[in-house]
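Geometric and topological summary
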Amino acid sequence: MNLHEYQAKDIFRSHGISTPAGEVVTTPSAAESAAARAGGPVMVKAQVHAGGRGKAGGVKYCKSPAEAREKASAILGMKIKGLTVEKVLVTPAAEIASEAYVGIIVDRARKKPVFMVSAAGGMDIEEVAAKTPEKIRYHAVDVRYGLLPFEALELGFFLYSDAKLARAAARVMQQLYAAFMGSGCSLAEINPLVVTSAGEILALDGKMVIDDNELDRRPEVEALRDVSSENPAEVDARNHSLSFIMLEGNVGCVVNGAGLAMATMDLVKYYGGEPANFLDIGGSSNPEKVVNALRIITADANVKVILFNIFGGITRTDDVANGIVAAIKASPLKVPLVIRLTGTNEEIALKILAENGLNASADMDEAVEQAVKLAKGGKAA
Amino acid sequence: MSVFIGKDTTLVVQGITGRDGSFHARQMMEYGTRVVAGVTPGKGGQQFDGVVPIFNTVRQAVEQTGANTSVIYVPPAFAADAIMEAAAAGVKVVVCITEGVPVLDMMRVYPFVKEHGARLIGPNCPGLISPGEAKVGIIPGRICARGPVGVVSRSGTLTYEVVYQLTRAGIGQTTCVGIGGDPINGTNFIDCLEAFERDPDTHAVALMGEIGGTDEQEAAEYVRTRMKKPVVGFIAGQTAPPGRRMGHAGAIISGSAGTAAEKIEAFEKCGIGIARRPIDFVALIRERLK
């Protein structure tokens, strides 16, 4: 789960990291009064779960409250990478002397949190890593000891030769590590960490990604979820324990298991089609899940055909067949349905389908090829 | 022969009285796995299905039955502790089926398991099966057959799909290992490739990877430099958008890293046969077994 900049900064602040004050608003007039309260020039920043906000015109410097109003009015409602900006952060503009990057990620290969620190701040860190890798210092943390003081100081001195600044930066490293561990992050990043012209260290922008597996035990973090910034169909799916991601194609896919779901999408592409979604109904074979899956997929107007690919191991294929029949009875499909189903209780499933005028293939390639053909307006084989 | 589990496997089931634990304990027993103990704290002294003694702790189970392998079906909040309990009790192979274990937990678990000399498989995995010898986990026994192919995969049902295709084509398996779909897992592709390379009965390996991380790229390099046996690979997620978690916690393209394209390229460079579709494994493996 992604957090907004203002949420990440709230968490940073609670761990003692200095960040500029700010207010989150949803209207241009509220942006104007927030800017007036801040006094002096402000930044108006789109709060949306997308990178590259600045390049997209979602971050603006404003000299006056009137300008803040005008800029906020342009930013609110704008689309950045397909996501509508619903709110902006109004925050005092800082006078920047230098910019650095400090981030922590879960390093899968090292199986540890790894610090990435660079004096080349304010830029895309992937770009820095690709073009000037020598400008980044990495440090893997043994979570059983945490970030040791000398390690934090080494990182501090990598950024600043001035001892006072290095010590202040080392403190930020410790605080960011505490925030990372304390919220169950897979990524926590300050970009840029700035030194102001007054010599103060400030986190000017923040990003946090939470490990979804942490949310059950951290209700305070789950409470930060911004449903308004997510795709409504994906929210609906999550509420029904379905793993669903909407894409732009026209072959709707219902599959059991994430690996098979991805392989099915890939096979759609292999046969010249485009998948409309990723959808994993999971291992349990509750017919209710199938009903919800069909409801969510058929709501997508792009979908021209629905493809089921079920390999029954733990999942009982008769449960899936019952779910399909129940869903169609409740609301008849307007698009063709192609079913591939094999495995546990396959004979019962095929009988249930046949009794309701449906047939199924046992072969994945055959089913996918047929679905792609139907999506293109062709006749079924 | 087989890898990690086989005829000598004596199994303790952690969470044997739970819904999933009891169901799969029966399935494993039916398959012929020697299930010698179960663990559910507070139910020590009882019997599971009248034949398997239940203990309060893994240590008691190991001391009294000599179990050398454990399988874990407990909720995610308790999984990390269950893994460490098994390793501390001297279990050599610990298989964690549980999905949803936080990655920060796994960072503590991994070094603990290593220090205790245990092998962890998973979490978030279907377990493993050595056809005709033993099954530990949830892979359906009837889709497998004994034979010369080692199978290793990050996925569950995709593995079943491929194994089923192989079996139908008359190509059996030594061992099928599901290493799990999480970003940090106990056993990676290289661990399995190493074991298959050593196993005299394995003559070819089928490897199913997916987007996210660099495990496949490192495995490819291992195949190129250290393996004599042929390997055929598949990568799921060629159509996955970047930045989205595709069901598995580990199946995510971060920035521009961990794409299917870069993994397939690594396979090609290292002499791994590329299955473009799951069905392609059959022909590619058959060719390499000749």
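About the cut-offs
- Residues numbered from 1 in each chain as written.
- Chains lettered and ligands numbered in written order.
- Predicted model: local features only at pLDDT ≥ 70, side-chain atom pairs only at ≥ 80, totals over all residues.
- Helix = DSSP H or I, 4+ residues; strand = E, 2+ residues; numbered from the N terminus.
- Rg over C-alpha atoms; globule rule 2.2 N^0.38 Å.
- Buried ≥ 20, exposed ≤ 12 C-beta atoms within 10 Å, placed from the backbone.
- Contact = placed C-beta atoms within 7 Å.
- Domains from an automatic or database assignment.
- Nonpolar A, V, L, I, M, F, W, Y, C, P; charged D, E, K, R; others polar.
- Core = buried A, V, L, I, M, F, W, Y, C linked by C-beta atoms within 7 Å.
- Pairing = 2+ DSSP bridges.
- Axes fitted to C-alpha atoms, helices over the stretch in contact; angles between N-to-C directions.
- pLDDT = per-residue confidence, 0-100.

Let's talk about the overall build of chain B
Within chain B one finds 9 helices and 14 strands. For 290 residues, the compact-globule estimate of 2.2 N^0.38 gives 19 Å, and the C-alpha radius of gyration of chain B, at 18 Å, lies within 12% of that figure. The dimensions of chain B, computed from C-alpha atoms along their principal axes, are 55 × 40 × 30 Å. Looking at chain B as a whole, 61% of its 290 residues qualify as buried. Put simply, of all contacts in chain B between residues at least 6 apart along the chain, 72% involve residues at least 24 apart.

So, the domain arrangement of chain A
Residues and elements named next belong to chain A. Taken domain by domain, chain A consists of domain 1 (1-20 + 95-230), domain 2 (21-93) and domain 3 (231-375). Contact residues are listed per partner, giving 7 residues for domain 1 and 12 residues for domain 2. Grouping the constituent residues of the side of domain 1 that touches domain 2 by class yields 2 nonpolar, 4 polar and 1 charged.

With respect to the environment of Ala37(B)
Residue and element names in this part refer to chain B. Structurally, Ala37 is set in strand β2 (residues 34-39). When the C-alpha atoms of Ala37 and Gly66 are compared, they prove to be 9.2 Å apart, with 29 residues separating the residues in sequence. Filtering out sequence-adjacent residues up to four positions away, Ala37 remains in contact with Val12, Val52, Pro53, Phe55, Ala61, Thr65 and Ala67.

Points about the interface of chain A and chain B
Contacts between the two partners involve 40 residues from chain A, matched on the other side by 45 residues from chain B. The set of elements that each furnish at least two residues to the side of chain A that touches chain B consists of β13 (243-246), α9 (258-270), β15 (277-280) and α13 (364-375) of chain A. With 11 residues, α9(A) is the largest single contributor of residues to the side of chain A that touches chain B. Split by residue class, the side of chain A that touches chain B holds 19 nonpolar, 8 polar and 13 charged.

Focus on the environment of Ala68(A)
Residue and element names in this part refer to chain A. If you trace the backbone, Ala68 turns up in helix α3 (residues 65-75). A sequence separation of 36 residues divides Ala68 from Glu32, and the C-alpha atoms of the two residues are 5.5 Å apart. Dropping the residues within four chain positions of it, Ala68 is found in contact with Ala31, Glu32, Ala35, Val42, Val44, Cys62 and Val90.

Describing the nonpolar core
Met173(A), Leu176(A), Leu279(A), Ile83(B) and Val94(B) are the most contacted members of the largest nonpolar core, which has 200 residues in total. Not counting residues within four places of it along the chain, the set of residues in contact with Leu279(A) comprises Leu242(A), Phe244(A), Cys253(A), Val254(A), Val255(A), Ala261(A), Ala293(A) and Ile297(A). Counting residues in each nonpolar core, the second largest holds 19 residues, with Ala38(A), Val44(A), Ala46(A) and Val88(A) among its members.

Things to note about the sheet that holds strand β12 (residues 204-210) of chain B
Where strands meet in a sheet, backbone hydrogen bonds hold them as pairs that are either parallel or antiparallel. Residue and element names in this part refer to chain B. The strand order across the open sheet formed by 7 strands is β9-β8-β11-β10-β12-β13-β14, and the pairing between neighbours is mixed. Only two strands of the sheet have a single neighbouring strand rather than two, namely β9 (134-137) and β14 (273-274). Bridging between β12 and strand β13 (residues 231-236) involves 6 bridges; their strand directions are parallel. From the neighbouring strand, Glu210 faces β13, where its bridge partner is Ala236.

Some details on unusual backbone geometry
Between Asn191(A) and the following residue, Pro192(A), the backbone shows a cis peptide bond with an omega angle of 10°. Turning to its location among the elements, Pro192(A) is positioned in strand β10 (residues 185-196). Backbone torsion omega between Gly122(B) and Pro123(B) reads 10°, so that peptide bond is classified as cis. A positive phi angle, close to 60°, is found at Lys111(A), a residue other than glycine. Judged by C-beta crowding, with 22 C-beta atoms within 10 Å, Lys111(A) ranks as buried. Located in the positive-phi region is Asn345(A), a residue other than glycine, with phi close to 65°. Examined against the element boundaries, Asn345(A) turns out to sit in the loop between β17 (337-343) and α12 (346-355).

Structural notes on the environment of Glu366(A)
All names here are of chain A. Relative to the assigned elements, Glu366 resides in helix α13. Residue classification places Glu366 among the partly exposed positions, given that 13 C-beta atoms sit within 10 Å. Sequence separation of Glu366 and Ala129 is 237 residues, and the distance between their C-alpha atoms is 44 Å.

Let's talk about the domain arrangement of chain B
A common way to state how big an interface is: give the accessible area lost once the parts meet. All names here are of chain B. By the assigned domains, chain B splits into domain 1 (10-121) and domain 2 (139-289). Computed over C-alpha atoms, the centres of domain 1 and domain 2 are 26 Å apart. Counting from both sides, the interface comprises 10 residues of domain 1 and, opposite them, 8 residues of domain 2. Elements with a contribution of two residues or more to the side of domain 1 that touches domain 2: α4 (103-115) and β7 (119-121). No other element matches the 5 residues that α4 contributes to the side of domain 1 that touches domain 2. Residues belonging to the side of domain 1 that touches domain 2 are distributed by class as follows: 9 nonpolar, no polar and 1 charged.

Here we look at the sheet that holds strand β1 (residues 10-14) of chain B
All names here are of chain B. With mixed pairing, 7 strands are arranged side by side in an open sheet as β3-β4-β2-β1-β5-β6-β7. At either end of the open sheet lies a strand with only one pairing partner, and these are β3 (47-48) and β7. Bridging between β1 and strand β5 (residues 69-72) involves 4 bridges; their strand directions are parallel. Each bridged residue has a counterpart across the sheet, and for Leu11 the counterpart in β5 is Thr69. Across the sheet, helix α3 (residues 76-88) lies against β1, β5, β6 (93-96) and β7, angled at about 165° from β6, the strand it touches most.

Some details on the confidence of the model for chain B
Considering every residue of chain B, the mean pLDDT works out to 96; 100% of them sit at 70 or more. Among the scores for the predicted complex, ipTM is 0.94 and pTM is 0.94.

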